[in-house]
Amino acid sequence: PRQAGHGAFADFSEHAVSLGIWLRDHPEGKEGLPVWIAVGPEGGWTPGEAAAFAGAGFQPVTLGSLTLRAETAAIAAAAACRLL
């Protein structure tokens, strides 16, 4: 189980919002609670994996229009969290 805080998962679906908008709209991260962002395989999550994240309270977010490798997606997400 994850600690208190809020989470998101990188997703390509039309339901995903920009990571920057998601971070702006969730003040919990600014209050010192952890921010959890799951980045996955380069081909994206399976429908079952995406459903499991959603069921755990994670929100779908997009990291932008570029397709990033898993390693660079994690770095980009961490940089955005630090910056925002």
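Residues numbered from 1 in each chain as written. Predicted model: local features only at pLDDT ≥ 70, side-chain atom pairs only at ≥ 80, totals over all residues. Heavy atoms only, no water.

### Notes on the sheet that holds strand β1 (residues 6-10)
Thought 1: Across the sheet, which stays open at both edges, the four strands sit in the order β2-β4-β1-β3 with parallel pairing between neighbours. With partners counted over all chains shown, the strands left at the sheet margins are β2 (17-18) and β3 (35-38), one partner each.
Thought 2: Two elements, β1 and strand β4 (residues 59-62), share three bridges in a ladder whose sense is parallel. Bridging across to β4, F9 finds its partner in P60. (Pairing = 2+ DSSP bridges. Helix = DSSP H or I, 4+ residues; strand = E, 2+ residues; numbered from the N terminus.)

### Description of the environment of G7
Thought 1: Take G7: it is sitting in strand β1.
Thought 2: Taking the C-alpha atoms as reference, G7 lies 9.6 Å from A54; in sequence the two are 47 residues apart.

### Section: the packing of aromatic side chains
Think of a pair of aromatic rings as described by two things: how far the centres are apart, and how the planes are tilted against each other in angle.
Thought 1: The full count for this structure, using the stated rule, is three aromatic pairs.
Thought 2: Ring centres of F9 and F53 lie 5.1 Å apart, and the angle between their planes is 15°; on these two criteria the pair is classed as stacked. Taken together, the residues F9 in strand β1 and F53 in helix α2 (residues 47-55) connect sequence positions 44 residues apart.
Thought 3: With relative accessibility at 18%, the residue F53 sits in the buried group.
Thought 4: Pairing F53 with F58 gives two aromatic rings, centres 5.4 Å apart and planes at 50°, and the pair type is tilted. Across the pair, exposure class does not vary: F53 and F58 are buried alike.
Thought 5: Each member of the aromatic cluster is reached from another via a ring pair, and the members are F9, W45, F53 and F58. (Phe/Tyr/Trp six-rings, centres within 6.5 Å; stacked < 30°, edge-to-face > 60°. Buried < 20%, exposed > 50% of the residue type's maximum accessible area, 1.4 Å probe, protein only.)

These values are about where atoms sit, not about what they do.
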